[in-house]
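Okay, here's what each chain looks like letter by letter:
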Amino acid sequence: MEEKLTITAISGWAVPETWFAERIKEAFPGSDIHVVYPENPENEEEAQHILSRLPSQLYIGYSLGSLWLLKYQDHLPVNCHKAILAPILAFLNTGRLGGKTSEAQLKYLIKILSRNSNKTDVLRDFFFHADLPYPENQIKEIPERKILIQGLKFLENNSVTGKETNDFLSIIGENDTFLDAGALKDHIPHLEIVKDVGHSPTPLLKQLAKRMLNS
């Protein structure tokens, strides 16, 4: 009997874990899937705890989860498969590392999340631009505003270089809302750019499954 593929995936910012798990299941049917939403991405002890309790054959970092996985990759098991989808080296546009978001835009999002008691309104507007078509009723599964803000501050304060991606399969959509695929290709020469695709993880996961099947 063929062994099940075990997958641990680190979710993107404000992406419901159940919805992301369903997308992974579509791309990797029959797999044993664990999706994690880091509550405090800056906390290395939390990262070490997450990765040590979920030993897997494949680790996937999507969007914010990609930067998190790159930052804490030393805690991954030896000889596992590693992939980053919509990979973030830097979320902000200040260091020519592929980010498109200005510091002012990010600080504004933090500000309105801090002040607005209804996170649904904020996230509805954000995801309208981000091409993440999960049902609105799943917004209630997303963590509280404090955790969302910690995620944004992680994106604001952290970056890596292309060298950290050497051992990762790296895939991005050509039309990503938040990331410049061409600029990232300069830093990640092995980056695969999928045509006519945006920031949504669904087609990126399907491309990853195809790559792994053919490897």
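Refer to the structure above for everything that follows.
Conventions adopted
- Residues numbered from 1 in each chain as written.
- Predicted model: local features only at pLDDT ≥ 70, side-chain atom pairs only at ≥ 80, totals over all residues.
- Heavy atoms only, no water.
- Helix = DSSP H or I, 4+ residues; strand = E, 2+ residues; numbered from the N terminus.
- Buried < 20%, exposed > 50% of the residue type's maximum accessible area, 1.4 Å probe, protein only.
- Contact = heavy atoms within 4.5 Å.
- Salt bridge = Lys/Arg side-chain N within 4 Å of Asp/Glu carboxyl O.
- Phe/Tyr/Trp six-rings, centres within 6.5 Å; stacked < 30°, edge-to-face > 60°.
- Lys NZ or Arg CZ within 6 Å of the ring centre and 35° of its normal.
- Pairing = 2+ DSSP bridges.
- Axes fitted to C-alpha atoms, helices over the stretch in contact; angles between N-to-C directions.

Student: Any chance you could break down the environment of Phe91 for me, citing the residues and the numbers?
Tutor: By the element assignment, Phe91 lies in the loop between strand S4 (81-85) and helix H4 (103-115). Here Phe91 falls in the buried class, since its relative accessible area comes to 8%. Note: C-alpha distance between Phe91 and Asn158 (67 residues apart in sequence) is 8.2 Å. Apart from the residues within four sequence positions on either side, Phe91 is in contact with Gly99, Lys100, Thr101, Leu106, Leu155 and Phe178.

Student: Which residues make up the pattern of salt bridges, and what are the values?
Tutor: Per the counting criterion, the structure on display carries six salt bridges. As a salt-bridge pair, Glu26 and Arg23 come within 2.9 Å of each other at their nearest N and O atoms. Of this pair, Glu26 and Arg23 both sit in helix H1 (residues 17-27), separated by three residues, roughly a single helical turn. Owing to a relative accessible area of 45%, Glu26 belongs among the partly exposed residues under this scheme. For Arg23, a relative accessible area of 14% corresponds to the buried category. For the salt bridge of Lys71 with Glu42, the shortest nitrogen-to-oxygen distance reads 3.6 Å. One end of the pair, Lys71, is in helix H3 (residues 64-71); the other, Glu42, is in the loop between strand S2 (32-36) and helix H2 (44-53), and 29 residues separate them in sequence. For Lys71, a relative accessible area of 34% puts it in the partly exposed group. Take Glu42: its relative accessible area is 35%, and that puts it in the partly exposed class.

Student: Tell me about the packing of aromatic side chains, residues and numbers included.
Tutor: Applying the stated rule across the entire model yields three aromatic pairs. Measuring from centroid to centroid gives 5.4 Å for Trp68 and Tyr72, while their planes differ by 70°, and the two rings are edge-to-face. The cationic tip of Lys82 hangs over the ring face of Phe168; the distance from NZ or CZ to the ring centre is 5.3 Å.

Student: Go over the sheet that holds strand S3 (residues 58-62) with me, naming the residues and quoting the values.
Tutor: The parallel open sheet is built from six strands, whose spatial order is S2-S1-S3-S4-S5-S6. Each edge of the open sheet is held by one strand with a lone partner, namely S2 and strand S6 (192-194). When strand polarity is set aside, the average angle formed by the axes of neighbouring strands in this sheet is 20°. In terms of strand pairing, S4 meets strand S5 (residues 169-173) through three bridges, oriented parallel. Bridge pairing in S5 links Ile84 to Ser170.

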